[in-house]
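Letter by letter, the chains look like this.
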Amino acid sequence: MKILVATDKPFAKVAVEGIRKEVEAAGYELVLLEKYTQKQQLLDAVANVDAIIVRSDIIDKEVIAAAGNLKIVVRAGAGYDNIDLEAATEAKVCVMNTPGQNANAVAELVFGMLIYALRNFYNGTSGTELKGKKLGIHAYGNVGRNVARIARGFGMQLYAFDMYCSDELIHNDGVIPMSSKKALYEKCDIVSLHIPATPETKKSINKELLSLMPEGAVLVNTARKEVINEEEMVELMEARPDFKYLTDILPGNHEEMTRKFQGRYFSTPKKMGAQTAEANINAGIAAARQIVDFFQKGTQRFRVN
Ligand code: 3PG
């Protein structure tokens, strides 16, 4: 059995060693493809593997077609919008994610970016604090819950909106559930995005919604760039000189944003939310174990297709 780890953005070395240990203990072989620059390298690497572990690497129809022996793909992480589920299902390939494994890392980065921006990118001028601010958590999944836990320590007032999460669960965490997306954005000084990229959410964070936020508003995005209406974000920031946008996913219009909104727009150069040794170990080893259990016991927990 051959297990390929294909990561354009590699895991920490210690995580790769952990994955190797799991794979070899099961008697399987680990194949590593890191920092590849051409799709062809991925197409060649998948040719005779039984399983693939990826991060945000694109597993489309062509990749699946090139992987004749493939039985399972595990996305070591939360969002699986990079995998063509339809093509996988058609090819009888099981797709899983590893929910929660990198959630703390992403949540910690939210506060790293917030403090950096609220202190004016450490330029020496007087900034603002998190304490007492109203934080809106848009989608209360694993990352959202970790954001709430950390935000409590900062003394923030917490609000959340999640269509799929019960008010009771949100309430039990000391967070006020909001009845609508609109109500959340109207109420909160800072909104942290944790929605997946789906046909319903794509471009859903638009000018109309963001205009509802109060004076001095901040939007922090550690989710996906696709959920933002990028053209309308420009319009909004032109109309609202008080508005800040911080993102961990380089927007399509990064150059324009940098040029127009100096001092209130920031993007990491490459998605960094899950780039910690801990998150890599958690997600990578979970992915390896899920593959071993799938082959040895038929376990399909966390299957998403
Ligand atoms: C996720 O969906 O798990 C995060 O966006 C992390 O993605 P990455 O593994 O590509 O850093």
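Since we're looking at a predicted model, the values are computed, not measured.

Draft legend 1. Spotlight on the overall build of the protein. Across its full length, the protein holds 12 helices and 12 strands. In terms of overall size, the protein behaves like a compact globule, its C-alpha atoms giving a radius of gyration of 20 Å where 305 residues would be expected to give roughly 19 Å. On the principal axes, the C-alpha backbone points of the protein span a range of 60 × 45 × 35 Å. Out of the 305 residues belonging to the protein, those deemed buried represent 50%. The contacts in the protein between residues at least 6 apart in sequence include a share of 63% that link residues at least 24 apart. The protein carries 38 positive and 38 negative side-chain charges, and their two centres are separated by 3 Å.

Draft legend 2. Inspection of the packing of helix 5 (residues 103–118) against helix 6 (residues 142–153) at higher detail. In the contact formed by helix 5 and helix 6, the axes pass within 8 Å of each other and the chain directions differ by 50°. Here helix 6 runs oblique to helix 5, going by the angle between their axes. As helix 5 runs across helix 6, the sense of the crossing is right-handed. Where helix 5 abuts helix 6, its residues A103, N104, V106, A107, E108, V110 and F111 lie against N142, V143, N146, V147, R149, I150 and A151. Within the contact of helix 5 with helix 6, the residues separate by chemical class into 9 nonpolar, 3 polar and 2 charged.

Draft legend 3. Fine view of the sheet that holds strand 12 (residues 265–267). Across the sheet, which stays open at both edges, the 7 strands sit in the order 8-7-6-9-10-11-12 with parallel pairing between neighbours. The open sheet is flanked by strand 8 (176–177) and strand 12, the only strands paired with a single partner. As judged from the 5 bridges shared by strand 6 (residues 134–138) and strand 7 (residues 157–161), these two strands associate in the parallel manner. Bridge pairing in strand 7 links K134 to Q157. Across the sheet, helix 5 lies against strand 6, strand 9 (190–193), strand 10 (218–221), strand 11 (244–247) and strand 12, angled at about 145° from strand 10, the strand it touches most.

Draft legend 4. Quick peek at the environment of T268. By the secondary structure assignment, T268 is in the loop between strand 12 and helix 12 (277–297). Once the C-alpha coordinates of T268 and T37 are considered, the two residues, 231 residues apart in sequence, prove to be 20 Å apart. Discounting chain neighbours no more than four positions away, the residues touching T268 are M113, T247, D248, I249 and L250.

Draft legend 5. Looking closely at the packing of aromatic side chains. Counted under the stated rule, the structure contains 8 aromatic pairs. Aromatic side chains F111 and F154 sit 5.4 Å apart centroid to centroid with 15° between the ring planes, which places their arrangement in the stacked category. Taken as a pair, F111 in helix 5 and F154 in the loop between helix 6 and strand 7 lie far apart in primary sequence, 43 residues in all. Residue classification places F111 among the buried residues on the basis of a relative accessible area of 4%. Residue F154 is classed as partly exposed on the basis of its relative accessible area of 31%. One aromatic cluster is present, built from ring pairs that chain together Y116, F121, Y122 and F266.

Criteria and thresholds
- Residues numbered from 1 in each chain as written.
- Predicted model: local features only at pLDDT ≥ 70, side-chain atom pairs only at ≥ 80, totals over all residues.
- Heavy atoms only, no water.
- Helix = DSSP H or I, 4+ residues; strand = E, 2+ residues; numbered from the N terminus.
- Rg over C-alpha atoms; globule rule 2.2 N^0.38 Å.
- Buried < 20%, exposed > 50% of the residue type's maximum accessible area, 1.4 Å probe, protein only.
- Contact = heavy atoms within 4.5 Å.
- Lys, Arg positive; Asp, Glu negative; His and termini not counted.
- Charge placed at Lys NZ, Arg CZ, Asp CG, Glu CD.
- Axes fitted to C-alpha atoms, helices over the stretch in contact; angles between N-to-C directions.
- Parallel < 35°, antiparallel > 145°, perpendicular 65-115°, else oblique.
- Left-handed = near helix turned anticlockwise from the far one by under 90°.
- Nonpolar A, V, L, I, M, F, W, Y, C, P; charged D, E, K, R; others polar.
- Pairing = 2+ DSSP bridges.
- Phe/Tyr/Trp six-rings, centres within 6.5 Å; stacked < 30°, edge-to-face > 60°.

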